[in-house]
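Close look at the chain arrangement
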Amino acid sequence: MSRVTRRAFTVAALSTLAITQTAAAAAPAAPQPPGASRARRPRTAAAEMRGMWLATVTNRDWPSRTGLSAARQRGELTALLDAAVRRRLNTVIFQVRPTADALWPSPYEPWSQWLTGTQGKDPGWDPLGTAVDEAHARGLKLHAWFNPYRVALHADPSRLVASHPARKHPDWVVPYGGKLYYNPGLPEVRAFVRQAISDAVRRYPVDGVHFDDYFYPYPVAGLPFDDDAAYARHGGAFASRAAWRRGNIDRLVRETAAAIHRLRPGTQFGISPFGVWRNASTDTRGSDTKAGVETYDDLYADTRTWVREGWIDYIVPQLYWSVGQPAADYAKLVPWWARVARGSRTKLYVGEALYKAGDATQGAPWKDPDELSRHLALAKKYPEVRGHVFFAAKDVAADPSGAMARVVADHYRQPASLPR
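Residues numbered from 1 in each chain as written. Predicted model: local features only at pLDDT ≥ 70, side-chain atom pairs only at ≥ 80, totals over all residues. Heavy atoms only, no water.

Describing the overall build of the protein
Counting its secondary structure elements, the protein contains 14 helices and 11 strands. Taking all 420 residues of the protein together, 55% fall into the buried category. Working note: accessible area of the protein is about 17400 Å², and carbon and sulfur atoms make up 51% of it. (Helix = DSSP H or I, 4+ residues; strand = E, 2+ residues; numbered from the N terminus. Buried < 20%, exposed > 50% of the residue type's maximum accessible area, 1.4 Å probe, protein only. Areas by Shrake-Rupley, 256 points an atom, 1.4 Å probe, with all protein chains shown as cover.)

Structural data, given as structure tokens:
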């Protein structure tokens, strides 16, 4: 996602505040003398998403390295949750299936290598279960983040643990660009992905299920994705291979949403796609951008339709560009997405590139610690924007440029509940 997202806060103080507020709400009101005013409760900001992604692939955010003890891993995880509280966030999007593996004791897929350094090795504790409990204890929502099709960051199936489903079903797998992917065109793959996700939803009271921007892989110039056999077998009802591929991803989205809502009603299903659906030069309904990737044509993800049809509960387009960026201007993409979301049941949140703040390689605007704060100020002009999610947890916690502190000071002075 970062292309492709400690904070020390005293939880005891937060708990005391919550207990005090609950007691005040429950107690009968004392009689007041004429003219006296009652003590006011701490103000709460309008409901909005304030989230952070917590990435585990390649140990991006957590754990800091493989092979740590269970106690050390727990300590690092809770420190990141404490950081979210200190920044007055309300949601953590925790990556629990980064590469066709699991951060919980899944009967379908192996333990993730990013925990112990060895795929399939039991870490001795349950990271997802712990994350749900610890997030809820801090008043945070926990969304479980799954990558549906990525199998490995290498192209050698023999390096997968022998019990891996990709080893048992080699016909499910397509090597592409030095990586391994499940083939989205196979109905049995979609069913398996849904089964693996459903296991976590069934076991844990997660508040949301989350996909990122990886569907069909980002294209590599001159390298076709080899799904000829699947297209010959399953693509007959479609006008083109591209339409068939989009249909495959549409089915994944609809079927996953139905499974989640059946298993755990009230759980949100959201997706965070690459921020450009199509350029206006390709499609008049598209955005005023010149992006080199268009999700509709390159990743076969018709993100606009998912929103307009209300197939997902929320969308978080990754608008990882500065205001004024020539190819993809944040100030043009926010109103475009606001128009797409207008009148839909799908809530619009904006994905923010906190990781770029202060990075000299990202261009002049990102050297200014106020860049992200300006993003939030601009987005406030559009009522369809219901909040923001920051990539990623390590940057939220460390905040080397001070950009997150500026966001908190300018926009997050009071806690906020989530939009209903």
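After presenting the structure, the write-up continues.
A short note on the packing of helix H2 (residues 70-86) against helix H4 (residues 127-137)
Geometrically, a packed helix pair is captured by the angle between its two axes and the distance between the axes. At a minimum axis separation of 11 Å, H2 and H4 run at an interaxial angle of 35°. Along this stretch, H2 crosses H4, giving a crossing that reads as right-handed. Note on element contacts: H4 touches H2 through Pro-127, Ala-131, Glu-134 and Ala-135, opposite Leu-77, Thr-78 and Leu-81. (Axes fitted to C-alpha atoms, helices over the stretch in contact; angles between N-to-C directions. Left-handed = near helix turned anticlockwise from the far one by under 90°. Contact = heavy atoms within 4.5 Å.)

A short note on the sheet that holds strand E11 (residues 385-391)
If you trace the eight strands once around the closed barrel, you get E1-E2-E3-E7-E8-E9-E10-E11, paired in parallel fashion. Summarising the sheet, strand E3 (residues 141-146) and strand E7 (residues 208-211) pair through four bridges and their orientation is parallel. When the sheet's bridge partners are listed, His-143 is paired in E7 with Gly-208. Sheet strands touched by helix H8 (residues 241-263): E7 and strand E8 (268-271). Its angle to E8, the strand with the most contacts, is close to 155°. Lying on the sheet, helix H11 (residues 330-341) is in contact with strand E9 (314-315), strand E10 (347-352) and E11; it crosses E10 at an angle near 160°. (Pairing = 2+ DSSP bridges.)

Section: unusual backbone geometry
Peptide bonds are, in most cases, trans, and in most cases residues other than glycine have a negative phi. Cis peptide bonds are those with omega within 30 degrees of zero, and the linkage from Trp-62 to Pro-63 qualifies with -20°. Look at the link from Phe-391 to Ala-392: it is a cis peptide, with omega at 5°. Topologically, Ala-392 is positioned in the loop between E11 and helix H13 (393-398). Its identity as a non-glycine residue notwithstanding, Thr-58 has a phi of 55°, on the positive side. One can find Thr-58 in the loop between strand E1 (49-54) and H2.

Digging into the packing of aromatic side chains
All told, the structure shown has 25 aromatic pairs when counted by the stated rule. Residues Tyr-182 and Phe-192 carry aromatic rings whose centres are separated by 6.1 Å and whose planes lie at 70° to one another, so their mutual orientation is edge-to-face. Taken together, the residues span a long stretch of sequence, with Tyr-182 in strand E6 (residues 179-182) and Phe-192 in helix H6 (residues 187-203) at a distance of 10 residues. By relative accessible area, which is 1% here, Tyr-182 ends up buried. Using a relative accessible area of 9% as the deciding quantity, one classes Phe-192 as buried. For the pair Phe-215 and Trp-306, a centre-to-centre distance of 5.4 Å together with 70° between the ring planes defines the contact as edge-to-face. Here Phe-215 is found in the loop between E7 and helix H7 (228-234), whereas its partner Trp-306 is found in helix H10 (residues 303-308), with 91 residues between them in sequence. Per residue, the accessibility class of Phe-215 equals that of Trp-306, and both read buried. (Phe/Tyr/Trp six-rings, centres within 6.5 Å; stacked < 30°, edge-to-face > 60°.)

Comments concerning the layout of surface pockets
The volume enclosed by the second largest pocket comes to roughly 260 Å³. Glu-48, Lys-380, Val-385, Arg-386 and Gly-387 are, among the 16 residues lining the second largest pocket, the residues nearest its centre. Residue assignment for the lining of the second largest pocket shows that the elements contributing at least two residues are helix H12 (371-379) and E11. Considering each element in turn, the lining of the second largest pocket owes the most residues, four residues, to E11. Of the residues contributing to the lining of the second largest pocket, the split by class is nine nonpolar, three polar and four charged. (1 Å grid on protein atoms, 1.4 Å probe; cavity = no way out; pocket = protein on both sides within 12 Å on 5 of 7 lines; lining within 4 Å. Points joined across faces, edges and corners; volume = space filled by probe spheres on them. Nonpolar A, V, L, I, M, F, W, Y, C, P; charged D, E, K, R; others polar.)

Side note on the sheet that holds strand E4 (residues 150-152)
Pairing between the strands of a sheet is mediated by backbone hydrogen bonds and can be parallel or antiparallel. Read across the open sheet, the three strands follow the order E4-E6-E5; overall the sheet is antiparallel. Two strands in the sheet have a free side with no partner beyond their single neighbour: E4 and strand E5 (173-176). The sheet shows a mean angle of 35° between the axes of neighbouring strands, taken without regard to direction. Relative to E6, E4 runs antiparallel, the two being bridged by two bridges. Within E6, the position partnered with Ala-152 by the bridge is Leu-180.

Digging into the pattern of salt bridges
Summed over all chains, the structure comprises 23 salt bridges. The closest approach of N and O atoms between Arg-342 and Glu-384, which form a salt bridge, is 2.6 Å. Taken together, the positions of Arg-342 in the loop between H11 and E10 and Glu-384 in the loop between H12 and E11 put the pair 42 residues apart, joining distant regions of the chain. The exposure class assigned to Glu-384 is buried, which follows from its relative accessible area of 15%. Note that Arg-406 and Asp-370 form a salt bridge whose closest N and O atoms lie 2.5 Å from each other. Residue Arg-406 is found in helix H14 (residues 403-411), and its partner Asp-370 is found in the loop between E10 and H12; the two are separated by 36 residues along the sequence. Taking the relative accessible area as the measure of exposure, Arg-406 reaches 35% and is therefore partly exposed. Given the relative accessible area of 26%, Asp-370 is considered partly exposed. By sharing partners, the salt bridges in this structure join Asp-227, Asp-228, Arg-241 and Arg-245 into a single network. (Salt bridge = Lys/Arg side-chain N within 4 Å of Asp/Glu carboxyl O.)

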